[in-house]
Amino acid sequence: MTWRVHVRILPRAGLLDPQGQAVEHALAALRFPEASNVHVGKAIALDVAAPSAAEAEARVRTMCDRLLANPVTEDFEIAVEAGNAG
Amino acid sequence: MMRVAVVRFPGSNCEPEACRAIERAGGEAFYVWHRDSSLQGAEAVLLPGGFSYGDYLRSGAIARFSPIMDAIRQHAAAGGPVLGICNGFQILCEAGLLPGALVRNAALKYLSRPVDVRIERTDTPFTSAYAADELIRIPIGHGDGRYVASEAVLDELERNRRVVLRYAGSPGTDFPANPNGSLRDIAGVCSAEGNVVGMMPHPERLADPVLGSDAGHRVFVSLVSSGSLTPDS
């Protein structure tokens, strides 16, 4: 099975996020006062061959620990879409 | 004569300046390609600045897996001197050879300017030729220079005198005390044993009096004369 996996990476909570602040200020300037707590991160999408969704997620978690995210500065979430056979 | 390997990655910069600075201090410098696996008998290693792999993903995140990094890890574990300048500092942090990380400057701008830094530790292979608490003015050139680490790590660094360089600012100038928002004004740190040092400023860019100052020269003088200072290995 091949699984489409999405990794969402955001600056670690509590760490200064100047990009998020800049975007928040710009939204305020555009009269979106209802927007707050803005953070800018990155999204990574990949196909993963694995026998189950749980194993695909476990592999991607290892990828995050080793390369995709920096544990000092970033938090991440993994979402696995329905898989395709073959 | 101290033989120093200067590691080249795709996107390195200032590596000729680093070689010239080492040679001017009386050492011998040669390039090692990042895909090599041997340091060719070097007694010290310098990771230069630049934008290895285009800073893709995170600065230094991909360079840390280059084949030469295994040899550098072994060299460092044996007590050999390793200096990371700018992108080299980022790579050493990503590789886990130094604690913490370097993220986007607080003002979101690339900074290319002189800064004043205080030499807070002189018993390293790269700072022994400076006086304790000496202020020097050397350039920075980075977009991702804000040093961050957990409070526990920062406290450990302070307690064990592992902050080597700190942004100091200068009365009477417009030099920012802290140009990039680094926690505790940290500009450079070292490993627990002191032999691995990372710094964001570029001493190699100001190491010859023809440029108007050679404030960075003694980083390389320190290294070339560090044979007797190399930690036990």
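The numbers attached to residues start from 1 for each chain and follow its sequence in the written order. Labels follow written order: the first chain is A, the first ligand is 1, and so on. With the structure being a predicted model, the display of local features is reserved for residues of pLDDT at least 70 and the display and counting of side-chain atom pairs for 80 or more, all residues being used for whole-chain, interface and lining totals.

Residues and elements named next belong to chain B. Within the fold, Gly 11 resides in the loop between strand S1 (3-8) and strand S2 (12-13). Under the C-beta neighbour-count criterion, Gly 11 is labelled partly exposed, with 16 such atoms within 10 Å. Along the primary structure Gly 11 and Val 32 are separated by 21 residues, whereas in three dimensions their C-alpha atoms are 14 Å apart. The contact rule is simple: place each C-beta atom from the backbone, and if two of them lie within 7 Å, those residues are in contact. Apart from the residues lying within four places of it in its own chain, the contact partners of Gly 11 are Gly 50, Phe 51, Ser 52, Tyr 53 and Gly 54. The helix and strand labels rest on DSSP assignments: H or I over at least four residues marks a helix, E over at least two residues marks a strand, and numbering proceeds from the N terminus. Our exposure labels follow a C-beta count within 10 Å of each residue's own C-beta, placed from the backbone: buried means 20 or more other C-beta atoms, exposed means 12 or fewer, and partly exposed covers the counts in between.

With that settled, consider the interface of chain A and chain B. Counting residues at the interface gives nine residues for chain A, matched by eleven residues for chain B. With three residues, the single largest contributor to the side of chain A that touches chain B is helix H1 (residues 18-29) of chain A. Ten residue types, Ala, Val, Leu, Ile, Met, Phe, Trp, Tyr, Cys and Pro, are classed as nonpolar, four, Asp, Glu, Lys and Arg, as charged, and the remainder, Gly among them, as polar. Among the residues forming the side of chain A that touches chain B, the class breakdown is six nonpolar, three polar and no charged.

Residue and element names in this part refer to chain B. One requirement defines pairing of two strands: DSSP has to find at least two bridges between them. Taken together, the nine strands give an open sheet; going across it, the order is S3-S1-S4-S6-S13-S12-S11-S8-S9, and neighbouring strands pair in mixed fashion. With partners counted over all chains shown, the strands left at the sheet margins are strand S3 (28-33) and strand S9 (135-142), one partner each. Recorded for the sheet is a direction-independent mean angle of 25 degrees between the axes of neighbouring strands. Under this scheme, a helix contributes an axis fitted over its contacting stretch, all axes are lines through C-alpha atoms, and angles between N-to-C directions fall in the 0 to 180 degree range.

With that settled, the discussion passes to helix H5 (residues 217-224) of chain B. Residues and elements named next belong to chain B. Among the eight residues of H5, eight are classified as buried, and the element is accordingly described as predominantly covered. Among the residues of H5, those classed as buried are His 217, Arg 218, Val 219, Phe 220, Val 221, Ser 222, Leu 223 and Val 224. On the buried face of H5, the contacting elements are S1, helix H1 (15-24) and strand S4 (44-47).

Unusually for a residue other than glycine, Asn 37 of chain A sits at a positive phi of about 55 degrees. Its identity is not glycine, yet Leu 108 of chain B carries a phi of approximately 65 degrees, on the positive side. Of the residues examined, Leu 108 of chain B has 11 C-beta atoms within 10 Å and is grouped as exposed.

Right, let's get into the nonpolar core. Definition of nonpolar core: a set of buried Ala, Val, Leu, Ile, Met, Phe, Trp, Tyr and Cys residues joined via C-beta atoms within 7 Å. Formed by 73 residues in total, the largest nonpolar core has its most connected members in Val 4, Val 45, Leu 92 and Phe 220 of chain B. Counting residues per element, this core draws most heavily on H5 of chain B, at five residues. Those residues in contact with Leu 92 of chain B that lie beyond four places of it in its chain are Leu 47, Gly 84, Leu 97, Leu 98, Val 196 and Gly 198 of chain B. Among the nonpolar cores identified, the runner-up in size contains ten residues, and Trp 3, Val 5, Cys 64 and Phe 76 of chain A belong to it.

On to the sheet that holds strand S2 (residues 42-49) of chain A. Residue and element names in this part refer to chain A. Read from one edge of the open sheet, three strands run S2-S1-S3, paired in antiparallel fashion. Both outer strands of the open sheet, S2 and strand S3 (74-80), are each paired with one neighbouring strand and no more. Shown here is a sheet whose adjacent strand axes are inclined to one another by a mean of 25 degrees, direction ignored. Of the pairings in the sheet, the one linking strand S1 (residues 2-11) to S3 comprises seven bridges and is antiparallel in character. Considered in S3, the bridge of Val 5 is made with Val 80.

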